[in-house]
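The residues making up each chain are set out below.
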Amino acid sequence: MSALSELVILKLGGSVITDKGADDGVVREAELLRIAREVSEYRGKLIVVHGAGSFGHTYAKKYGLDRQFDPEGGIVTHKSVKKLSTAVVDALNRFGEGRGGEGPRAVAVHPMGCMVCKNGRIESMYLDNLRLMLENGLVPVLHGDVVMDSELGGCILSGDQIVTYLAKTLKASRLGLGSAADGVLGMDGKAVHEITPGTFEEFSHYIGASENTDVTGGMLGKVRELLELCKTSCITSHIFNAGKADYVHRFLEGEAIGTSICPDKGN
Ligand code: IPE
């Protein structure tokens, strides 16, 4: 069995761990600590990827990085998301330290240093470090970032694209996107139980983009990434509310909560 069997990938949305409406980076400390405590109970192989929230979208928008690369804007935005990464890693390690070495040992991996895009899509990534981290009991923490792009100079890379790339490349067994909503909301305001490539059309008109500053496509962008993943790799993902107590823990323990994005039956 491969050393990466049973790998779980968890994305923490920027709107859960930061105040996404703020003009500057603001961490939602209490939420981050609660989530870090829930993650610390999980003992399997895990990669955490977090969004940029107000640490990234505000600057990306200010410098127009979604339209054209700007070196100064790229550096300012990268520096800002690294601050959030430090906050997430520190929160996770707080729980690792207090448990006699049993909790997570988190380490930051900044996409700017190990990934290259082409026209906004991931083209390559250095993965040997991630594999060794996982084999040696570390929890790599990646995040939405500014990365170099072979066509555009640089681009904004969302955590949603990172998680699907990693799930496919490292053959993850579970993928969860912890967002600020209960899942993909249907007409009645309740989370749709399941979306497949075949049923997506039904839902696509009312899956809204997120309310605050967002340069990476909101909920519709997430669903598209996850549908692509289930088409190419048959991996089922779950979009759930990480803002609700115990939901991260429940996802990590294997529960199908929120909206499942899965292959059509019979595939
Ligand atoms: C965005 O990452 C990256 C930058 C703006 C630099 P995400 O798209 O993953 O962030 P959230 O989850 O929407 O905040």
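Each remark here, short or long, concerns the structure printed above.
On a predicted model such as this, the values are computed, not experimentally measured, just so you know. (Residues numbered from 1 in each chain as written. Predicted model: local features only at pLDDT ≥ 70, side-chain atom pairs only at ≥ 80, totals over all residues. Heavy atoms only, no water.)

What to know about helix α6 (residues 159–169)
Link 1 in the chain: Extensive coverage of α6 is indicated by the burial of eight of its 11 residues.
Link 2 in the chain: Of the positions making up α6, those classed as buried are Gly159, Asp160, Gln161, Ile162, Val163, Thr164, Leu166 and Ala167. (Buried < 20%, exposed > 50% of the residue type's maximum accessible area, 1.4 Å probe, protein only. Helix = DSSP H or I, 4+ residues; strand = E, 2+ residues; numbered from the N terminus.)

Some remarks on the sheet that holds strand β10 (residues 194–195)
Link 1 in the chain: Strand order in the open sheet formed by eight strands is β3-β6-β2-β1-β9-β11-β12-β10, with mixed pairing between adjacent strands. Each end of this open sheet is capped by a strand with a single partner; those strands are β3 (106–108) and β10.
Link 2 in the chain: Summarising the sheet, β3 and strand β6 (residues 139–143) pair through three bridges and their orientation is parallel. Each residue of the ladder has a partner; that of Ala108, found in β6, is Val141. (Pairing = 2+ DSSP bridges.)

Structural notes on the packing of aromatic side chains
Link 1 in the chain: In the structure shown here, the tally under the stated rule is one aromatic pair.
Link 2 in the chain: Measuring from ring centre to ring centre gives 5.3 Å for Phe240 and Phe251, while their planes differ by 20 degrees; the resulting arrangement is stacked. Pair noted here: Phe240 is in strand β11 (residues 237–241) and Phe251 is in helix α9 (residues 247–252), with a separation of 11 residues, a long-range link. Like Phe240, the residue Phe251 is buried in the burial classification.
Link 3 in the chain: The cationic tip of Arg250 hangs over the ring face of Tyr247; the distance from NZ or CZ to the ring centre is 4.8 Å. (Phe/Tyr/Trp six-rings, centres within 6.5 Å; stacked < 30°, edge-to-face > 60°. Lys NZ or Arg CZ within 6 Å of the ring centre and 35° of its normal.)

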